[in-house]
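# Reading the structure
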Amino acid sequence: MPRTFLRHVRDMSRRLAMLVLVAFAPLLLSLYVGAETASNAAILAPAVAYVRIRALSLPAALLSGVLSAALLGAKDSLTPLLGSAVAAVCNVGLDLVGVVLLRQGVPGAAWATSVAQCAGTLSLLLVARKKLVPDGGFGLVPRRRPATAARGGG
């Protein structure tokens with residue numbers, strides 16, 4: 001029961017953070033850049049589009065930070081560097097496609113960055129799982145034993 005509750009709180013927090021960024025992007029950006037710059041619609045409109053698209057990759061960005069910190073704590077500085085390199089290479093390639101080839105402008109750059117963030121996080125996740133989780137797991141979830149082992153036969 002406590003794990004289910006914590007999982008629910010975690011999921012609701014993610015959704016709330018994304019909702020706040022999407023719903024209040026113009027207000028938050030005007031606070032960030034100042035009233036004079038925010039009054040220029042040519043600047044604010046693309047910035048709002050960028051923030052709203054990037055908000056969708058917020059869980060991947062948070063997970064990437066946590067995984068990088070965990071790997072650095074395990075004295076592995078190479079894996080977070082490689083994860084960042086994967087994200088950077090993906091971002092450059094996808095920016096070329098989205099901005100130059102498809103001519104999507106700022107939204108194309110936002111989608112490229114979001115997808116690249118997810119790719120970098122996935123690369124970290126695949127390596128971190130092997131490096132940080134012991135073979136038998138942490139024992140938080142009971143493992144199913146094969147049917148032959150449960151019966152004592154072979």
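Reference entry: report on the structure contained in this document. (Residues numbered from 1 in each chain as written. Predicted model: local features only at pLDDT ≥ 70, side-chain atom pairs only at ≥ 80, totals over all residues. Heavy atoms only, no water.)

### Overview of the overall build of the chain
A count of helices and strands for the chain gives eight helices and zero strands. For the chain, the α and β elements follow one another from N to C terminus as α-α-α-α-α-α-α-α. Looking at the chain as a whole, 21% of its 154 residues are labelled buried. For the chain, the exposed area adds up to about 10,900 Å²; of that, 69% sits on carbon and sulfur atoms. (Helix = DSSP H or I, 4+ residues; strand = E, 2+ residues; numbered from the N terminus. Buried < 20%, exposed > 50% of the residue type's maximum accessible area, 1.4 Å probe, protein only. Areas by Shrake-Rupley, 256 points an atom, 1.4 Å probe, with all protein chains shown as cover.)

### Looking at the environment of leucine 132
For leucine 132, the location among the structural elements is in helix 7 (residues 105-132). A residue is classified by how much of its surface remains accessible, and leucine 132, at 27% relative accessible area, is partly exposed. Taking the C-alpha atoms as reference points, leucine 132 and alanine 74, 58 residues apart in sequence, are found 7.7 Å from one another.

### Some remarks on unusual backbone geometry
With a phi angle near 65°, lysine 75 is a residue other than glycine that sits in the positive phi range. In this fold, lysine 75 is placed in the loop between helix 5 (58-73) and helix 6 (78-101). Residue arginine 103 is not a glycine yet carries a positive backbone phi of 55°. Position of arginine 103 relative to the elements: it lies in the loop between helix 6 and helix 7.

### Some points on the environment of glycine 65
Within the element layout of this structure, glycine 65 appears in helix 5. On the accessibility criterion, glycine 65 (41% relative accessible area) is partly exposed.

### Here we look at the pattern of salt bridges
Evaluation of the coordinates by the stated rule reveals one salt bridge. The partner of aspartate 76 in a salt bridge is lysine 131, and the shortest N-O contact between them spans 2.9 Å. Taken together, the positions of aspartate 76 in the loop between helix 5 and helix 6 and lysine 131 in helix 7 put the pair 55 residues apart, joining distant regions of the chain. Its relative accessible area of 11% is what places aspartate 76 among the buried residues. (Salt bridge = Lys/Arg side-chain N within 4 Å of Asp/Glu carboxyl O.)

### A word on helix 5
Taking 1.5 Å as the rise per residue, helix 5 with 16 residues should run 22 Å; its terminal C-alpha atoms sit 23 Å apart, in good agreement. Every buried residue belonging to helix 5 is among Ala60, Ser64, Leu67, Ser68 and Leu71, and all of these are buried. The buried side chains of helix 5 occupy one side of the element, clustering within an arc of 100° when seen end-on. Opposite its buried face, helix 5 presents the exposed residues Leu62, Val66 and Gly73, each directed more than 90 degrees away. Looking at the buried positions of helix 5, the neighbouring elements they touch are helix 6 and helix 7. Positive backbone phi, at 65°, marks lysine 75, one or two positions downstream of helix 5. (Expected span 1.5 Å × (residues − 1). Arc of directions from axis to C-beta. Contact = heavy atoms within 4.5 Å.)

### Digging into the side chain of threonine 79
Among the secondary structure elements, threonine 79 is positioned in helix 6. Side-chain polar atoms of threonine 79 contact the side chain of lysine 131, separated by 3.3 Å. (Polar contact = N/O pair within 3.5 Å; in protein donor to acceptor, adjacent residues only side chain to side chain.)

### As for the layout of surface pockets
In this structure, the largest pocket encloses a volume near 200 Å³. Lining the largest pocket are ten residues, and of these Leu67, Leu125, Ala128, Arg129 and Val133 sit closest to its centre. Counting only elements with at least two residues in the lining of the largest pocket, the list comes to helix 5 and helix 7. In terms of residue count, the dominant contributor to the lining of the largest pocket is helix 7 (five residues). For the lining of the largest pocket, the class distribution of residues is nine nonpolar, no polar and one charged. (1 Å grid on protein atoms, 1.4 Å probe; cavity = no way out; pocket = protein on both sides within 12 Å on 5 of 7 lines; lining within 4 Å. Points joined across faces, edges and corners; volume = space filled by probe spheres on them. Nonpolar A, V, L, I, M, F, W, Y, C, P; charged D, E, K, R; others polar.)

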